[in-house]
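Residue-level structural notes
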Amino acid sequence: MLKNIWLPYTQMQTCNNPIVAELTKGCKITLRDGTELIDGIASWWTACHGYNHSYIAEQVQKQLYKMPHIMFGGIIHEPAIKLSAKLASLLPGDLNKVFFTESGSVSVEVAMKMAIQFWLNQNHLKKTKILSFYGGYHGDTMATMAVCDPDEGMHQLFQGILPHQHIIALPKTKQLQQEFIAFLEKYHHEIAAILIEPLVQGAGGMLIHDPELLMFLRKQADHFNILLIFDEIFTGLGRTGSLFACNQANVVPDIITLSKALSGGTMALAATIAREHIFNGFLSDKENHALMHGPTFMANPLACACAIASLELFDQYDWKNNVKNIELQMTAELEVCRKLDIVKDVRVKGAIGVVELHKIKNINLLKNRLLDHKVWIRPFGDIIYLTPSFTITTAELTKLTQAIVHTLFYG
Ligand SMILES: *Cc1c(COP(=O)(O)O)cnc(C)c1O
């Protein structure tokens, strides 16, 4: 089966029996052999309204027969016009200028490039570095690897190849805030932007911080003349309980990135959205002051149609209440894991539930044990996490939490 396939993050020498998905519906995956799995992670938290939503399918089908794709250079189209207007209306403040891409990593690269070129256009030639944080994850491409957590990420492997960026501790305490300010006093002249996943650092370890931290960052960024980028690829579109994580802190970043759930988990799409003053920094009589980026499949009309449909769905059911209930249920049902010595922490934020172990010794064994319970849960590092669809039923969610509890208690 694996004759011609190369899987991500997988040692292919020992990978010999991958399961084969045949169809999806709601929160269920049906395998080729007929087995039905309850999905605990909604395909890397993309399928926020569940799989195969009929409304998204209808809208994609309509667009498919009209115009599946057209280049975006010098020519635009209705789905992009409509989607960008919708995003601008939903995002706080004047986050109004939408640059489309096709993956999260690329949208972060564009955000970094945008921030650096913003300063270059104003003749600030030294502001070329990005400041990011331990525990962060921003993608797998060369530029984004360099701003991920240096221990969890791939810094070691690509030592000497990744560009050097500043990566420091999240200023969670008074002491760390002092150190953060001291750091900026020393290096602000070479920093273009601070980059952070607001409220929850996702793929770097599912770590939660308070909204006040984001207020602190906004204040320091303004004080030291540095831009603030929120990577909301994980947290955006409802996952933390508000439409965007930045809403909970009442902070408007200068640039925000979205992907993952943007198209409701149907097509590859991402966006980098800037505030007016960032956009204005590219207006000039010099041609090379324009933003120098343009992926071939950017603003793919099919993907835009999915995203418009998915955003419209947020108005059609009480997703906030669903996320609240998912949060309460996961909190109640995962709490018991704390009793185990092997468990380091249990934490829940919105529709994100995490059981962190001191050490996951055999992750493949753990994955198989979870599969035995007919659930699709993919632990990584020392983390077992749930990021279900907002449309999951109480009974389905119980199956997921009980699979984790049972596996941890009885092996
Ligand atoms: C997944 C993710 C990315 C990378 O997105 P890809 O589409 O996999 O390139 C970047 N940042 C965050 C916060 C993510 O969760």
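Residues numbered from 1 in each chain as written. Predicted model: local features only at pLDDT ≥ 70, side-chain atom pairs only at ≥ 80, totals over all residues. Heavy atoms only, no water.

**Brief notes about the overall build of the chain**
Using the following cut-off: Put simply, DSSP marks the helices as runs of H or I at least four residues long and the strands as runs of E at least two long, and each gets a number from the N terminus on. When we talk radius of gyration, it's over C-alpha atoms, and the globule rule is simply 2.2 Å times the number of residues to the 0.38. Exposure classes here rest on a 1.4 Å probe applied to the protein chains alone. A residue is buried below 20% of its type maximum, exposed above 50%, and partly exposed in between. Pairs of residues are marked as contacts when any of their non-hydrogen atoms sit within 4.5 Å. Only the protein chains shown count as cover for residues, with accessible areas throughout obtained via the Shrake-Rupley method and a probe of 1.4 Å. Counted as positive: Lys and Arg. Counted as negative: Asp and Glu, with His and the chain ends omitted from the count. Lysine's charge is taken at NZ, arginine's at CZ, aspartate's at CG and glutamate's at CD.
Scanning the chain from N- to C-terminus turns up 13 helices and 16 strands. On C-alpha atoms alone, the chain measures out to a radius of gyration of 21 Å, which is about the 22 Å that the 2.2 N^0.38 rule sets for 411 residues. Seen along its three principal axes, the alpha-carbon backbone of the chain occupies a region of about 65 × 55 × 45 Å. Put simply, the chain has 411 residues, and 52% of those count as buried. For the chain, contacts bridging at least 24 residues in sequence account for 70% of all contacts bridging at least 6. Of the roughly 19200 Å² that the chain leaves accessible, carbon and sulfur atoms contribute 54%. Separation between the mean location of the 36 positive side-chain charges and that of the 38 negative ones in the chain comes to 2 Å.

**Focus: the UniProt feature "binding site: pyridoxal 5'-phosphate" (unreviewed entry) in the chain**
Our working rule: UniProt positions are given in the numbering used here, feature names are shortened, and annotations may be inferred rather than shown by experiment.
As annotated in UniProt, the feature "binding site: pyridoxal 5'-phosphate" (unreviewed entry) corresponds to Gly-104, Ser-105, Asp-231, Pro-295 and Thr-296 in the numbering used here. Across 193 residues in sequence, these annotated residues place their C-alpha atoms as far as 22.5 Å from one another, rather than forming a single compact spot. Of note, Asp-231 is situated in strand β10 (residues 227-231). Residue classification places Asp-231 among the buried residues on the basis of a relative accessible area of 3%. Other than its neighbours up to four places away in sequence, Asp-231 contacts Val-108, Tyr-137, His-138, Leu-195, Ile-196, Glu-197, Pro-198 and Thr-257. When you line up the elements, Thr-296 lands in the loop between α9 (276-280) and α10 (301-313).

**Considering the sheet that holds strand β5 (residues 129-133)**
Operational definition: Think of it this way: DSSP has to see at least two bridges between two strands before they count as a pair. To define axes, lines are fitted to C-alpha atoms, for helices over the stretch in contact only, and angles between the resulting N-to-C directions are given on a 0 to 180 degree scale.
Strand order across the open sheet formed by seven strands is β4-β12-β11-β10-β7-β5-β6, with mixed pairing between neighbours. A strand with exactly one partner marks an edge of an open sheet, and here the two such strands are β4 (95-101) and β6 (166-168). The average angle at which neighbouring strand axes cross in this sheet is 20 degrees, direction not considered. Summarising the sheet, strand β7 (residues 191-196) and β10 pair through four bridges and their orientation is parallel. Across the sheet, Leu-195 pairs through a bridge with Ile-229, a residue of β10.

**Here's the deal with the domain arrangement of the chain**
Operational definition: An automatic or database domain assignment provides the domain bounds reported here. Buried area, as used here, totals the accessible surface that two parts lose on assembly, with accessibility defined by a 1.4 Å probe and the loss added over both. We define a salt bridge as a side-chain nitrogen of Lys or Arg found within 4 Å of a carboxyl oxygen belonging to Asp or Glu. Residues adjacent in sequence count toward polar contacts only when both atoms are side-chain atoms; beyond that, a polar contact is any pair of N or O atoms within 3.5 Å, and within protein one must be able to donate a hydrogen and the other to accept it. Each residue is assigned to one class: nonpolar for Ala, Val, Leu, Ile, Met, Phe, Trp, Tyr, Cys and Pro, charged for Asp, Glu, Lys and Arg, and polar for all the others, Gly among them.
Taken domain by domain, the chain comprises domain 1 (55-314) and domain 2 (320-410). For domain 1 and domain 2, the distance between their C-alpha centroids amounts to 28 Å. Facing the 17 residues of domain 1 at the interface are 15 residues of domain 2. Buried area between domain 1 and domain 2, summed over both chains or domains, comes out near 1200 Å², and the portion from carbon and sulfur atoms is 69%. Contact with domain 2 buries surface across domain 1, with Met-206, Ile-208 and Arg-239 losing the most and accounting together for 51% of the total. Linking domain 1 to domain 2 there are zero salt bridges. On the surface where domain 1 and domain 2 come into contact, there are six residue pairs in polar contact (both at pLDDT 80 or more). Broken down by class, the residue content of the side of domain 1 that touches domain 2 amounts to nine nonpolar, seven polar and one charged.

**What about the sheet that holds strand β14 (residues 352-357)?**
On the basis of which strands lie adjacent, the open sheet formed by three strands has the order β13-β14-β16 and antiparallel pairing. Because the sheet does not close on itself, it has two edges, and the strands there are β13 (343-349) and β16 (383-386). Neighbour to neighbour, the strand axes of the sheet diverge by 10 degrees on average, direction disregarded. One ladder, built from four bridges, connects β14 with β16; its direction is antiparallel. Bridging from a neighbouring strand, Val-355 pairs with Ile-384 of β16.

**Here's the deal with the pairing of strand β3 (residues 36-39)**
By the bridge criterion, three bridges tie strand β2 (residues 28-31) to β3 in an arrangement that is antiparallel. Looking at the pairing, Ile-29 lines up with Leu-37 of β3.

**A short note on the environment of Thr-387**
Residue placement: Thr-387 occurs in the loop between β16 and α13 (394-410). With a relative accessible area of 0%, Thr-387 lands in the buried category. Taking C-alpha positions, Thr-387 is 35 Å from Leu-291, a pair spaced 96 residues apart along the chain. Apart from the residues lying within four places of it in its own chain, the contact partners of Thr-387 are Gly-40, Ile-41, Ala-42, Trp-45, Phe-234, Arg-239, Ala-351 and Ile-352. Of the polar contacts made by the side chain of Thr-387, one reaches the backbone oxygen of Ile-41; its length is 3.1 Å.

**Quick word on the side chain of Ser-263**
Tracing the backbone shows Ser-263 in the loop between β11 (255-258) and β12 (270-275). On the basis of relative accessible area, Ser-263 is assigned to the buried category, the value being 1%. Setting aside residues no more than four positions away along its own chain, Ser-263 makes contact with Ile-56, Leu-269, Ala-303, Cys-306, Ala-307 and Ser-310.

**Thoughts on the site of the ligand**
Threshold: We call a residue near a given molecule or strand whenever any one of its heavy atoms falls within 4 Å of it.
The environment of the ligand is made up of Trp-45, Ser-103, Gly-104, Ser-105, Tyr-137, His-138, Gly-139, Glu-197, Asp-231, Ile-233, Phe-234 and Lys-260. Taking Ser-105, its side chain carries an N or O atom lying 2.6 Å from an oxygen atom of the ligand. Contact distances for the ligand include 2.8 Å between an oxygen atom and a side-chain N or O atom of Lys-260. Here the ligand has 380 Å² of accessible area as a free molecule, and 84% of this is covered by the chains.

**Quick notes on the pattern of salt bridges**
For the structure on display, the rule yields 15 salt bridges. We note a salt bridge from Lys-359 to Asp-382, for which the minimum N-O separation is 3.9 Å. Note that Lys-359 is positioned in the loop between β14 and α12 (363-372) and Asp-382 in the loop between β15 (375-376) and β16, a separation of 23 residues in sequence. Judged by its relative accessible area of 54%, Lys-359 is exposed. Given the relative accessible area of 23%, Asp-382 is considered partly exposed. One salt bridge in this structure joins Asp-372 and Arg-369, with 3.6 Å as the shortest N-O distance. With Asp-372 and Arg-369 both in helix α12, this residue pair falls three residues apart, about one helical turn.

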